[in-house]
Amino acid sequence: MQTETSAADLVRQALVWDNHACLPLRPDDHAFFSRLEGVAAAGVDVISVNVGFGPVPLAQHEAMIAGLTRWIKSQAGWCSLVKSVEEIKAARADGKLAVFFDVEGMAPLDDGGEALIAPWREAGVGWMLVAYNAASRAGSGCTDDVDTGLTEHGRRILDEMRRVGMIVCCSHTGHRTAMEVMEHAGAPVIFSHSNPSGVFSHYRNIPDTLIRACAETGGVVGINGIGSFLDQGPASIVRLVDHIEYVAGLVGSDHVGLGLDYVFDKQELVDYLSQMPAIFPDSASITNATSMIGPDHITNIVEELLARGADAATIKKIIGENWMRVAREVWR
């Protein structure tokens, strides 16, 4: 089919960037890490992988950074750890998957403060979000009954992130806190993997006010592929593109991207959902949470966008160029 061929051609031609994926938080699980080869084969050029979230201890974050760094270096024939836009360009020119790290929440900095930010940036952490569902010392999470806003501790962290060139993310963050982050940051702020509540109401999804504020900073909202955040049923490409179109219709195609939030070890996800009800209040909906659209569906997403009339230039922004623009503006 012509549309199918055109979608495949676009994926080959374009910079493709998935701004959030979840490898198992086991620093030497090379079998799961190797599944990134499938991501590269699907046409993805850049992927951000998490090294920890919320209540995960600082020591485990550090172990994940060290373990993933060792493994990526051992796979130098097809992937590369990147810390800059120039390194992304070099990896793509060499046909390698560019990988960097993200940190889901500032809780690991509750005691050590901003001292870890510069070394983490140097280690390859490209973005960090403020609070993972529940509050950290920096600010409130999206499941907190009362959002008390960005704290002075949080402001100091944001200032240091701006100094070293680490992108600030407000996914999982309370709405008041997120707004105050965007007012303070002085640089593009992202929602790396958050869907619009205007399409589907869920505590993890974000209202139009935050989407507009994000765009005003020059930031990008990354649409995720988790069934629980797309709709009441299983994850589908059609519904994911509904969310993309909604954000693009609200603030323009310069401010929407992909942060598919694909979880490679679904059993680990099930375990977290069942063991951490305070962090995951909808843990009963495990079936829908494990239904997800992954990076291997990039061509299908492009195909659906083409079927709805999106042109090549717009699609290229959505599947990669918008993230590259933010990185160019923020990363040092």
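Residues numbered from 1 in each chain as written. Predicted model: local features only at pLDDT ≥ 70, side-chain atom pairs only at ≥ 80, totals over all residues. Heavy atoms only, no water.

Chemist: How should I be thinking about the nonpolar core in this particular structure?
Modeler: In this structure, Trp17, Leu36, Met128 and Ile301 are the most contacted members of the largest nonpolar core, which totals 116 residues. Among the elements that line this core, the one with the most residues is helix α16 (residues 312-330), at eight residues. Not counting residues up to four positions away in its chain, the partners in contact with isoleucine 301 are Ile237, Leu240, Val241, Ile244, Leu258, Leu260 and Ile293. (Core = buried A, V, L, I, M, F, W, Y, C linked by side-chain atoms within 4.5 Å. Buried < 20%, exposed > 50% of the residue type's maximum accessible area, 1.4 Å probe, protein only. Helix = DSSP H or I, 4+ residues; strand = E, 2+ residues; numbered from the N terminus. Contact = heavy atoms within 4.5 Å.)

Chemist: Can you help me understand the packing of aromatic side chains in this one?
Modeler: Counted according to the given criterion, the structure contains ten aromatic pairs. Here phenylalanine 53 and tyrosine 272 contribute two aromatic rings whose centre-to-centre distance is 4.9 Å and whose plane-to-plane angle is 80°, an arrangement assigned as edge-to-face. Of the two residues, phenylalanine 53 sits in strand β2 (residues 46-53) while tyrosine 272 sits in helix α13 (residues 266-275), which places them 219 residues apart along the sequence. On the basis of relative accessible area, phenylalanine 53 is assigned to the buried category, the value being 4%. Accessibility expressed as a relative area gives 16% for tyrosine 272, which makes it buried. On the numbers, 5.9 Å between centres and 75° between planes, the contact of tryptophan 71 with tryptophan 78 is edge-to-face. This pair shows no difference in class: tryptophan 71 is buried, exactly as tryptophan 78 is. The ring of phenylalanine 229 has arginine 204 lying over it, and the distance from NZ or CZ to the ring centre is 4.9 Å. (Phe/Tyr/Trp six-rings, centres within 6.5 Å; stacked < 30°, edge-to-face > 60°. Lys NZ or Arg CZ within 6 Å of the ring centre and 35° of its normal.)

Chemist: Which parts of the structure should I look at to understand empty space enclosed by the protein?
Modeler: Here the idea is plain: a probe the size of a water molecule rolls over the atoms and shows the empty space left. Inspection of every chain in the model, using the stated rule, returns three cavities of 30 Å³ or more. There is about 360 Å³ of room inside the largest cavity. Sorting the residues of the lining of the largest cavity by element identifies β1 (17-22), β2, α11 (227-230) and α13 as the ones contributing at least two each. The greatest single-element share of the lining of the largest cavity, amounting to four residues, is contributed by α13. Looking at side-chain class alone, the lining of the largest cavity contains 14 nonpolar, seven polar and five charged residues. (1 Å grid on protein atoms, 1.4 Å probe; cavity = no way out; pocket = protein on both sides within 12 Å on 5 of 7 lines; lining within 4 Å. Points joined across faces, edges and corners; volume = space filled by probe spheres on them. Nonpolar A, V, L, I, M, F, W, Y, C, P; charged D, E, K, R; others polar.)

Chemist: Sorry, what's going on with the pairing of β2 here?
Modeler: On a regular strand, one side chain projects to one face of the sheet and the next to the other, so that they alternate. The buried count for β2 comes to eight of eight residues, which makes it a mostly enclosed element. In this sheet, β2 lies alongside β1 in parallel orientation, the contact comprising three bridges. If you follow tryptophan 17 over to β2, its bridge partner there is valine 46. The pairing of β2 with strand β4 (residues 97-104) spans six bridges and is parallel. Residue pairing for β4: phenylalanine 53 is matched across the bridge by glutamate 104. (Pairing = 2+ DSSP bridges.)

Chemist: I keep staring at the pattern of salt bridges and nothing clicks. Help me out?
Modeler: For side chains bearing opposite charge, pairing can occur when the charged atoms are close. Applying the stated criterion across every chain, the model contains 18 salt bridges. Note that aspartate 9 is salt-bridged to arginine 12, the shortest N-O span being 2.2 Å. In this pair, aspartate 9 and arginine 12 both sit in helix α1 (residues 2-13), three residues apart, roughly one turn of the helix. Residue arginine 12 is classed as exposed on the basis of its relative accessible area, which comes to 59%. With its nearest N and O atoms 3.5 Å apart, the salt bridge here joins arginine 155 to glutamate 152. Within this pair, arginine 155 and its partner glutamate 152 are both found in helix α8 (residues 152-164), separated by three residues, close to a single helical turn. When its relative accessible area of 23% is taken as the criterion, arginine 155 is described as partly exposed. Judged by its relative accessible area of 53%, glutamate 152 is exposed. Three or more residues joined by partner-sharing salt bridges are found here, namely Asp231, Arg239, Asp242, Glu245, Glu304 and Arg308. (Salt bridge = Lys/Arg side-chain N within 4 Å of Asp/Glu carboxyl O.)

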